[in-house]
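Chain by chain, the residues:
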Amino acid sequence: MNDYIIMADAGCDLSAEFQEKYDVKVINGHLVLPGKGDVPSFMKWEDTTLEQFYADLKKNPSDYATAPPNTTEYENFFEPFVKEGKAIICVTISSTMSGSFDFATAARKNILAKYPDAKIELIDSMRFGPGFGLMVVHASILRSQGKSFEEVSQYLVKNRNRFHQAGWLDDLSFVAKKGRLTHSKAFFGTLAGIKPIGEFDSGGMTTVLGKAKGAKAAYAVLLKYIEATIENPEEQYIFIAQSSRYPQAEAYKKMLEEKFSPKGVFIIDVFPFCGINVGPGLMAAYYMGKPISDDLSTERELIERFIAESK
């Protein structure tokens, strides 16, 4: 039976349009915004624009905060589907970044106490943002192809370490203010057009593997890196995340289309639930490829070699 629900938390960065297209149910997290207090997360720009949001965030980052949906909110989200007899695959943002998976686990326990026959599979994506969203889209496509609840659940666990990030975050000083990076490293990342190139580690956090001098060199390094790590690009959809870096994302999109001829390349906005902790300056592609090494040694060697070749 393929009549099951695919669910994700707001860390997936799937816009309302993508949620509808792929029939993904998204549970809101919480945002603390200046002058508004605690409000539900959103994936549609209505009261502000992406550019204005990131400009305001950069000025006063300490005035913004996020929180995942709590146990009761997860339980209330699960229950209507369970009452309908629907099985649920719920995918969460990486547990290394958020308590979302733990709250979902507690909610599942409570639901099973009330409905012993309920079928809820929880998957820790070990990813965030559009990398997490791309995983959920893969799950939806598999469901549309007739794959079972069990097959899709197993696919996500087996393949989550094959979802890559290839891009840069050129405002590391912001991440440092949020406690995600030391100030010394952040300062180095803002010098003279330096582009810190990052990849997911085993827990889904971004690790800087090398620093290219200037956008032209960085694009060249990224294209070589993707070529070395992607599998069957012509069969893939590639997401490009951008947090106030749309022109760079558009240029990257054209390069990826010309070099790899994938099924599609989509520029994905980084919405506030992730954006408050990432800040402005993210421009990265997400795709499926070879398994990422546990210590990132293979990936670091590739990036370092390609940076050396670009000089």
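Residues numbered from 1 in each chain as written. Predicted model: local features only at pLDDT ≥ 70, side-chain atom pairs only at ≥ 80, totals over all residues. Heavy atoms only, no water.

> Mind laying out the packing of helix α5 (residues 129–144) against helix α6 (residues 149–159), listing which residues take part and the relevant values?
The N-to-C vectors of α5 and α6 enclose an angle of 150°; their axes lie 10 Å apart at closest approach. With respect to each other, α5 and α6 are oriented roughly antiparallel. Seen along the crossing, α5 lies across α6 with a hand that is right-handed. Together, Met135, His138, Ala139, Leu142 and Arg143 of α5 and Val152, Tyr155 and Leu156 of α6 make up the contact between the two elements. (Axes fitted to C-alpha atoms, helices over the stretch in contact; angles between N-to-C directions. Helix = DSSP H or I, 4+ residues; strand = E, 2+ residues; numbered from the N terminus. Parallel < 35°, antiparallel > 145°, perpendicular 65-115°, else oblique. Left-handed = near helix turned anticlockwise from the far one by under 90°. Contact = heavy atoms within 4.5 Å.)

> Any chance you could break down the side chain of Ser41 for me, citing the residues and the numbers?
Mapped onto the elements of the fold, Ser41 is located in the loop between β4 (37–40) and α2 (50–59). The contact partners of Ser41, leaving out residues within four places of it in the chain, are Ala10, Asn28, Gly29, His30, Leu31 and Phe273.

> Go over the nonpolar core, please, and point to the residues and values.
Counting 86 residues, the largest nonpolar core has Leu156, Ile226, Ile240, Tyr252 and Leu256 as its most contacted members. Among the elements that line this core, the one with the most residues is helix α9 (residues 215–229), at 8 residues. Both of domain 1 (4–160) and domain 2 (162–310) provide at least three residues apiece to this core. When residues no more than four places from it in sequence are discounted, the contact partners of Ile226 are Ala166, Tyr252, Leu256, Phe260, Ala285 and Tyr287. Among the nonpolar cores identified, the runner-up in size contains 15 residues, and Phe78, Ala104, Ala118 and Ile120 belong to it. (Core = buried A, V, L, I, M, F, W, Y, C linked by side-chain atoms within 4.5 Å. Buried < 20%, exposed > 50% of the residue type's maximum accessible area, 1.4 Å probe, protein only. Domains from an automatic or database assignment.)

> Give a detailed account of α2, specifying residues and quantitative values.
By the burial criterion, the buried members of α2 are Leu50, Phe53, Tyr54 and Leu57. The buried side chains of α2 occupy one side of the element, clustering within an arc of 90° when seen end-on. (Arc of directions from axis to C-beta.)

> Tell me about unusual backbone geometry, residues and numbers included.
For Ser261, which is not a glycine, the phi torsion comes out positive at approximately 45°. Looking at the element boundaries, Ser261 is found in the loop between α10 (246–260) and β12 (264–269). Look at Ser261 and you get partly exposed, because its relative accessible area is 48%. The backbone phi angle of Leu296 is positive, close to 60°, even though this residue is not glycine. By the element assignment, Leu296 lies in the loop between β13 (282–288) and α12 (297–310). Judged by its relative accessible area of 3%, Leu296 is buried.

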